[in-house]
Amino acid sequence: EGRALGIHVNFAPDADLNNNPLNPIINTRSFGENPGTVGSLVSAYVRGVRDHGMLATLKHFPGHGDTQTDSHIGLPVISADYARLDTVELVPFRAGIAAGADVVMSAHIAFPTLTGSDDPGTLSAAVLTGLLRDSLRFGGLVVTDALEMGAIVTRYGAGEAAVRAFLAGSDLLVFPASPDSALDAML
């Protein structure tokens, strides 16, 4: 149906796990809480989207399931180490990449144990370049989640957020809070 309307990019599937019952935003957007099951369903979704001529997007990298904050409002923090991410949150993303996902959307979530910083993953080269591109060997497009969301714009503003997301490894900057400010800052 999307292709019939001329849509070429589907910002789905959600590859997050629904593994925190206090999460206010992922819930039914996720295929479930089991990494293997979610990985299988994400893979099937990616193949189905691609088989019908659209680009599939995995989101919200490297995982928005184990949070208690809605990134539309504030900045969630995940203190898990790499071993936890590797064996839980990254499982569906690896499966989706192996199935041929064309795009990965970043998460506006801080991973201080992984990055050594309280910056959100969207603005972190350690997340977008080191983890996604280098470790997971993803070669497609990297897209930000909406840059107008509270986790980003309240701390960085439209211009700084756009530049930092680009420098971190994003190819496509979605919904800056002020397109003019973002463009000026990028120039």
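Scroll up to find the structure.
Counting of residues starts from 1 at the beginning of each chain's written sequence and follows it residue by residue. Note on the predicted model: pLDDT of at least 70 is required for a residue's local features to be given, and 80 or more for side-chain atom pairs to be given and counted; whole-chain, interface and lining totals, by contrast, use all residues. For the side-chain quantities, the full set of heavy atoms in the structure was used; hydrogens and water were omitted.

Some remarks on the nonpolar core
Here comes step 1: Counting residues in hydrophobic clusters, the biggest one holds 31 residues, and the most contacted among them are Val 46, Leu 58, Phe 61, Leu 132 and Leu 136.
Here comes step 2: Of all the secondary structure elements, the ones that give two or more residues to this core are helix H1 (35–51), strand E2 (55–61), helix H3 (90–98) and helix H5 (125–135).
Here comes step 3: Dropping the residues within four chain positions of it, Val 46 is found in contact with Pro 13, Ala 56, Leu 58, Gly 96, Ala 99, Gly 100 and Ala 101.
Here comes step 4: Ranked by size, the runner-up nonpolar core spans six residues in total, among them Leu 123, Ile 152, Tyr 156 and Ala 165. Nine residue types can take part in a nonpolar core, namely buried Ala, Val, Leu, Ile, Met, Phe, Trp, Tyr and Cys, and a core is a set of them joined through side-chain atoms within 4.5 Å. Only protein chains enter the accessibility calculation, which uses a 1.4 Å probe. A residue is then buried if its area is under 20% of the maximum for its type, exposed if over 50%, and partly exposed in between. By the criteria applied, helices consist of DSSP H or I runs no shorter than four residues and strands consist of E runs no shorter than two, each listed in order from the N terminus. In what follows, residue pairs with any heavy atoms lying within 4.5 Å of each other are defined as contacts.

Comments concerning the side chain of Ser 170
Here comes step 1: Tracing the sequence through the fold places Ser 170 in the loop between helix H6 (150–168) and helix H7 (179–186).
Here comes step 2: Under the relative-accessibility criterion, Ser 170 is labelled buried at 2%.
Here comes step 3: In contact with Ser 170, other than residues within four places in its own chain, are Thr 122, Leu 128, Val 142, Thr 144 and Ala 165.

Looking at the pattern of salt bridges
Here comes step 1: Any Lys or Arg side-chain nitrogen located within 4 Å of an Asp or Glu carboxyl oxygen qualifies as a salt bridge. As enumerated under the stated definition, the model contains nine salt bridges in all.
Here comes step 2: Two residues, Arg 50 and Asp 102, come together in a salt bridge whose shortest N-O distance is 3.1 Å. On the criterion of sequence distance, the pair formed by Arg 50 in helix H1 and Asp 102 in the loop between H3 and strand E3 (103–106) is long-range, its members being 52 residues apart.
Here comes step 3: On the basis of relative accessible area, Arg 50 is assigned to the partly exposed category, the value being 39%.
Here comes step 4: The partner of Arg 94 in a salt bridge is Asp 86, and the shortest N-O contact between them spans 2.3 Å.
Here comes step 5: Overall, the relative accessible area of 31% leaves Arg 94 in the partly exposed class.

Things to note about the pairing of E2
Here comes step 1: Most of E2 is tucked away: six of the seven residues are buried.
Here comes step 2: Examined bridge by bridge, strand E1 (residues 9–10) and E2 share two bridges and lie parallel to one another. Along E2, the bridge assignment pairs Asn 10 with Ala 56.
Here comes step 3: Here four bridges tie E2 to E3, and the two strands are oriented parallel to one another. The partner of Lys 59 across the bridge, within E3, is Met 105. Whether two strands pair depends on DSSP finding at least two bridges between them.

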